Amino acid sequence: MTATLFFVQALNGLQFGLILFLIAAGLTLVFGVMDFINLAHGVQYMVGAYLVAAFSAWTGSFGWALLLALPSALVFGLLLEVLIFRHLYDRDHLDQVLATFGVILFLNQGVKFVWGAAPLSVSVPELLSGSVEIANGLLYPVYRLAIIAAGLLIAALLYVLVNHTRVGMLVRAGASNASMVSALGVNIQRLFMVVFGFGAMLAGFAGAMVAPILSVEPGMGDNILILAFVVIVIGGIGSIRGAFLAALLIGLVDTVGRSFAPNLLRLVLDPAAASQTGRAIAPMLIYIFMAAVLFFRPSGLFPVKR
Amino acid sequence: MTEIAETPSAPAPSLTTRLEIVPVVLFTAFAAAPLLAAYSGAEGYVLSLLTRVMIFGIAAMALDLILGYGALVSFGHAAFLGLGGYAVGILASHGFEDALVQIPIALAASAAFAFVTGAISLRTKGVYFIMITLAFGQMLYFLATSLAPYGGDDGMTLASRSLIAGSAWLKNDFTFYWICLLCLLGAYALSRSIVVSRFGRVLRGTRENAVRMEAIGFRPFRFQLAAYVISGIMAGLAGCLLANQAEFISPSFMTWQRSGELIFMVVLGGLGSLHGAIIGAAAFLLLEEFLPEILHMASFFLAEETRAHLAENWKMVFGPLLILIVLFARGGIMGLLRRPHHG
C-alpha cells in the first residue's frame, strides 16, 4: 500500500517538477542571458492558463485552444518586452524587481477585470480523459501522464535547441558573457527578444497545460513564480540543465514531503505530534533545502562558468 | 578613479550638525495630526490610518537601513513584521498580555532570526541574496500557515491590545498613536545615529566597494550582519505595533507581496535618507487608501457605472504607476525634494 502510494506521489512530483521546469527554463535564460530579474514571469503562466480557458470556451476544443494560446502567449511576451522590460535591462536589480512587481499588480487585476474574480475551469480534453491502470489495481489519470510526456518532450527539445543549434550557441555564449557576444557582431537586442518571447511562451504553455487540472484564477502565478525562482537558484542561474534537475528535485521533495513527512516523523514522535510537526515542516522543506544548497554552494549546483 | 567622483553623494555627514528641514516638518506633521484630526469629522479613521502609516514607516526605515545604506536588497523583510506580530499574538493567547514581556521577546526572536538567516544569506551576493532572503521569508510564512493552534491560514484575533505594566493604556487610540510616534522617533534617532557613526560609514563604504573595504582592513561581513540584525529588530517592533493596531494577526502579514511593498515604499520615498522611507510608506498607504476615490473623482466625465468599475480596479492604475515611478522618477520623492538645491 505504502509502496503504491509512494509511486503515485512520485509521479505527481514528476509532473509538478516538469511544470516547474517549463516556467523555470524561460526564467533562467532571461536571467542568465540578460541579467534581468523578471517577477512578471509568473503572470505569463497565468495568462497562458487564461488564454486557453478563453479559447477553449470559444472554439470548444482544447487542442485548438492550445494552438491559439501558444502564439498569443508569445505575442503577449514580446509586447511586454517592447513596452516595459526593454527599458529595464541596464537598470539595477532593485528597479527590475519593482517594475516587474508593478506588472504583476496590473495583470492580476487585469484578468479580474476581463474575466471576473471567480475561478474558471477548463475541461480535460476528451482524448486524454479517464485513467489508465499503470500497475495492478493502480489507476492514474491519462491527462497527468500527458503532462509528463509533454514536459519531457519540451525538455528534450530545449536540450537540442540549446546545445546543437546556432541560436542555442548564441544563448549559451550570452549567458557567459553578453557584452563579448555583442562585440563579436551579434545583434544582442534581437537575441534578447527571442529568448524573452520563447521564455514567455514556455511559461504560457505550462499555464495552458495545468489549466484543466487546476482552477484558473487571478494570482495563480504568484506562488509558482517563487518556486520557479527557488528552482533556478538551486540549479544555478543561466543553466538549463541545472534548472531541469532542480525542478525535478523540488517537485519530488515538495510532493513526496507533503505526504510522507508526518509518516517519517512518526518513527521518532508520537502520532499527534508527528502529524502536527509534519504538516508544519512539509511546506518549508524546499526552502530549507534551498538555504542548505546556497550555504554550501553560494551560486547553485550547476553554476554557469563566467 | 572616476568611479569615486561619480558615486551619488549619499546624505552628507554635515546632516549631524545641520538640522534638516524635511524630517522636522514630517515629525511636526505627525505630532499635529491628532489635534487636527478632531476637526476632520472622522477622527477614528484618520488616527488609525496615520498610525498605520507610522508603523509601516518604522518597517520601511528598517529596510532602508540595509537597502539604502548597505545595498542589501532583502526580499523577505515582511517576515519580521510577522515575527513581531505572532510573538504578541502567541504570548497573549498564553496569558502574557503585557507589552513589557511581549516586546523584549519579540525583539529577541527577530534578532535571533535575523542573525541566523543573515549569516547564511550574506554568504551570497546580488540576485542570490534577493532570492535567499525571499526563501527565508516564505519559510516563515508557511510555518505561520501551519500553526493550527494559532489560527493557521486564517490567523487569529487578539483578545485586546497589549497592556503596559498592567494597565490598558493602549486601548485608547490617542495613546496608541502617541506610543507609535514615540517608537517612530526613537527608531529614527537610532538609525540616524547609526548611519553617521563610524559603523555607518563602513557600511556605506561596503555598499560602494566591498573589496576595497576589505583591503583597508575591515571585514564587511560583520558590519553587514550587524546592520541586518538591527534592521530585523526594528521591523520586528513594527510587527508588534501592527498586531496591536489591527488586534489581529495572520500569515498575510508576511506574504512575499508585502515584502515587495516594503521595498516599494523605500524606493518611492528615496533610497538612503531614512525619513524618505517614512514619506514613502505614507505615500504608498495613502495612495492605496485613496486611489479608488481619486479615480472616481477624476473620471467625472464618464458614466457612473464606468466610474465605479474604474475605482474598483484601481490596481490597474497602481501597477503602471509603480512602473512609471521606477522608469522616470529616480531618487523617489526625496530626489524630487532635493533637486532644487542642486540646480
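Residues numbered from 1 in each chain as written. Chains lettered and ligands numbered in written order. Predicted model: local features only at pLDDT ≥ 70, side-chain atom pairs only at ≥ 80, totals over all residues.

1. Describing the overall build of chain A
Of regular secondary structure, chain A possesses 11 helices and 2 strands. Going from the N terminus to the C terminus, chain A shows its helices and strands as α-α-α-α-β-β-α-α-α-α-α-α-α. At 20 Å, chain A has a C-alpha radius of gyration in line with the 19 Å of a compact globule built from 306 residues. Referenced to the eigenvectors of the C-alpha coordinate spread, the extents of chain A come out at roughly 65 × 50 × 35 Å. Out of the 306 residues in chain A, the part that is buried amounts to 48%. Of the contacts made within chain A by residues no fewer than 6 positions apart, 76% connect residues no fewer than 24 positions apart. (Helix = DSSP H or I, 4+ residues; strand = E, 2+ residues; numbered from the N terminus. Rg over C-alpha atoms; globule rule 2.2 N^0.38 Å. Buried ≥ 20, exposed ≤ 12 C-beta atoms within 10 Å, placed from the backbone. Contact = placed C-beta atoms within 7 Å.)

2. A short note on the overall build of chain B
Each helix and strand counted, chain B has 15 helices and 2 strands in total. What you see for chain B is a C-alpha radius of gyration of 21 Å, in line with the 20 Å of a compact globule of 343 residues. Expressed as lengths along the three principal axes of its C-alpha atoms, the size of chain B is roughly 60 × 55 × 35 Å. Each of the 343 residues in chain B was classed as buried or not, and the buried ones make up 46%. Within chain B, residue pairs in contact and separated by at least 24 positions form 76% of the contacts whose partners lie at least 6 positions apart.

3. Regarding the pairing of strand 1 (residues 131–135) of chain A
Residue and element names in this part refer to chain A. Counting buried residues along strand 1, only 0 of its 5 residues qualify, which leaves the element largely exposed. Two strands pair when backbone bridges link them, and strand 1 and strand 2 (residues 138–141) are joined in this way by 4 bridges, in the antiparallel orientation. Its bridge partner lying in strand 2, serine 131 is registered against proline 141. (Pairing = 2+ DSSP bridges.)

4. Considerations on the nonpolar core
Counting residues in each nonpolar core, the largest one holds 196 residues, and the members touching the most others are Val231(A) and Ile58(B). Of all the elements, helix 1 (residues 2–34) of chain A adds the most residues to this core, at 16 residues. Excluding its chain neighbours within four sequence positions, the residues that come into contact with Ile58(B) are Cys183(B), Leu184(B), Ala187(B), Met234(B), Leu237(B) and Ala238(B). (Core = buried A, V, L, I, M, F, W, Y, C linked by C-beta atoms within 7 Å.)

5. Quick look at the confidence of the model for chain B
Do not read the fine detail of predicted coordinates wherever pLDDT is low. Residue and element names in this part refer to chain B. Looking at chain B as a whole, the pLDDT averages 86, with 93% of positions reaching at least 70. Note on residues 1–9: pLDDT under 50 across the span, and 1 contact to partners over four residues away in sequence or across chains. This model gives residues 12–18 a pLDDT under 50, and the stretch forms 4 contacts once residues within four places in sequence are excluded. The ipTM assigned to the predicted complex is 0.83, against a pTM of 0.87. (pLDDT = per-residue confidence, 0-100.)

6. Digging into unusual backbone geometry
Residue and element names in this part refer to chain A. Although it is not a glycine, aspartate 35 adopts a positive phi angle of roughly 55°. Within the element layout of this structure, aspartate 35 appears in the loop between helix 1 and helix 2 (41–59). The partly exposed category is assigned to aspartate 35, around which 18 C-beta atoms lie within 10 Å.

7. Considering the UniProt feature "transmembrane region" (unreviewed entry) in chain A
Residue and element names in this part refer to chain A. UniProt's feature table lists "transmembrane region" (unreviewed entry) at residues 6–32, 39–58, 64–85, 97–118, 138–162, 192–214, 226–253 and 273–296, given in the numbering used throughout. Secondary structure content for residues 6–32 is 100% helix and 0% strand, and the end C-alpha separation is 35 Å. Taken end to end, residues 97–118 has its terminal C-alpha atoms 28 Å apart, with 86% of it in helix and 0% in strand. (UniProt positions renumbered as here; feature names shortened; annotations may be inferred.)

8. What about helix 1 of chain A?
Residues and elements named next belong to chain A. In this model helix 1 runs 46 Å from its N-terminal to its C-terminal C-alpha over 33 residues, within 8% of the 48 Å that 1.5 Å per residue would give. When the local axis directions of helix 1 are compared, the greatest deviation, roughly 30°, occurs at alanine 24. Looking one or two residues past helix 1, aspartate 35 carries a phi angle of roughly 55°, positive in sign. (Expected span 1.5 Å × (residues − 1). Bend = angle between axes of the 7 residues up to and from the residue.)

9. Some words on helix 9 (residues 240–265) of chain A
The end-to-end C-alpha distance of helix 9 of chain A, which contains 26 residues, comes to 35 Å, matching closely the 38 Å that a straight helix rising 1.5 Å per residue would cover. Within helix 9 of chain A, the axis deviates most sharply at Gly257(A), by approximately 50°.

10. Details of the interface of chain A and chain B
On the side of chain B, 33 residues touch chain A, which itself brings 34 residues to the contact. Counting residues per element, the ones that place at least two in the side of chain A that touches chain B are helix 4 (93–115), helix 8 (220–235), helix 10 (271–281) and helix 11 (285–296) of chain A. For the side of chain A that touches chain B, the element with the most residues is helix 4 of chain A, which contributes 14 residues.

11. Focus: the environment of Arg330(B)
Assignment of secondary structure puts Arg330(B) in the loop between helix 14 (315–328) and helix 15 (332–342). Expressed as a C-alpha distance, the spacing of Arg330(B) and Phe284(B), which sit 46 residues apart in the sequence, is 16 Å.

12. Here we look at the environment of Ser93(B)
All names here are of chain B. Inspection of the secondary structure assignment puts serine 93 in helix 4 (residues 78–93). On the basis of neighbour counts, which here come to 15 C-beta atoms within 10 Å, the residue serine 93 falls in the partly exposed class. As a C-alpha pair, serine 93 and proline 149 span 56 residues in sequence and 9.9 Å in three-dimensional space.

13. A word on the environment of Tyr143(A)
Residues and elements named next belong to chain A. Checked against the element boundaries, tyrosine 143 lands in helix 5 (residues 142–164). Of the residues examined, tyrosine 143 has 20 C-beta atoms within 10 Å and is grouped as buried. For the pair tyrosine 143 and valine 124, spaced 19 residues apart in sequence, the C-alpha separation works out to 7.3 Å. Those residues in contact with tyrosine 143 that lie beyond four places of it in its chain are Val124, Leu128, Ser129, Pro212 and Ile213.

14. Digging into the packing of helix 3 (residues 43–67) of chain B against helix 7 (residues 173–196) of chain B
Packed helices, taken two at a time, are described by the angle their axes make and the gap between the axes. Residue and element names in this part refer to chain B. The interhelical angle for the contact between helix 3 and helix 7, taken along N-to-C directions, is 20°, at an axis separation of 10 Å. Here helix 3 is positioned roughly parallel relative to helix 7, judged by the angle of their axes. Crossing hand, helix 3 versus helix 7: left-handed. Side by side, helix 3 and helix 7 meet where Gly44, Leu47, Ser48, Leu50, Thr51, Met54, Ile55, Gly57, Ile58, Met61 and Leu65 of the first sit next to Asp173, Phe176, Tyr177, Cys180, Leu181, Cys183, Leu184, Ala187, Tyr188, Ser191 and Ile194 of the second. Partitioned by chemical class, the residues of the contact of helix 3 with helix 7 number 16 nonpolar, 5 polar and 1 charged. (Axes fitted to C-alpha atoms, helices over the stretch in contact; angles between N-to-C directions. Parallel < 35°, antiparallel > 145°, perpendicular 65-115°, else oblique. Left-handed = near helix turned anticlockwise from the far one by under 90°. Nonpolar A, V, L, I, M, F, W, Y, C, P; charged D, E, K, R; others polar.)

15. A look at the packing of helix 1 of chain A against helix 7 (residues 188–210) of chain A
All names here are of chain A. It is the contact of helix 1 with helix 7, at a shortest axis distance of 8 Å, that shows an interaxial angle of 165°. Judged by the angle between their axes, helix 1 and helix 7 are roughly antiparallel. Judged by the twist between their axes, the crossing of helix 1 over helix 7 is left-handed. Between helix 1 and helix 7, the residues in contact are Ile19, Leu22, Ile23, Ala25, Gly26, Leu27, Leu29, Val30, Val33 and Met34 and Phe192, Val195, Phe196, Phe198, Gly199, Ala200, Leu202, Ala203, Phe205, Ala206, Met209 and Val210, respectively. Its residues assigned to classes, the contact of helix 1 with helix 7 shows 20 nonpolar, 2 polar and no charged.

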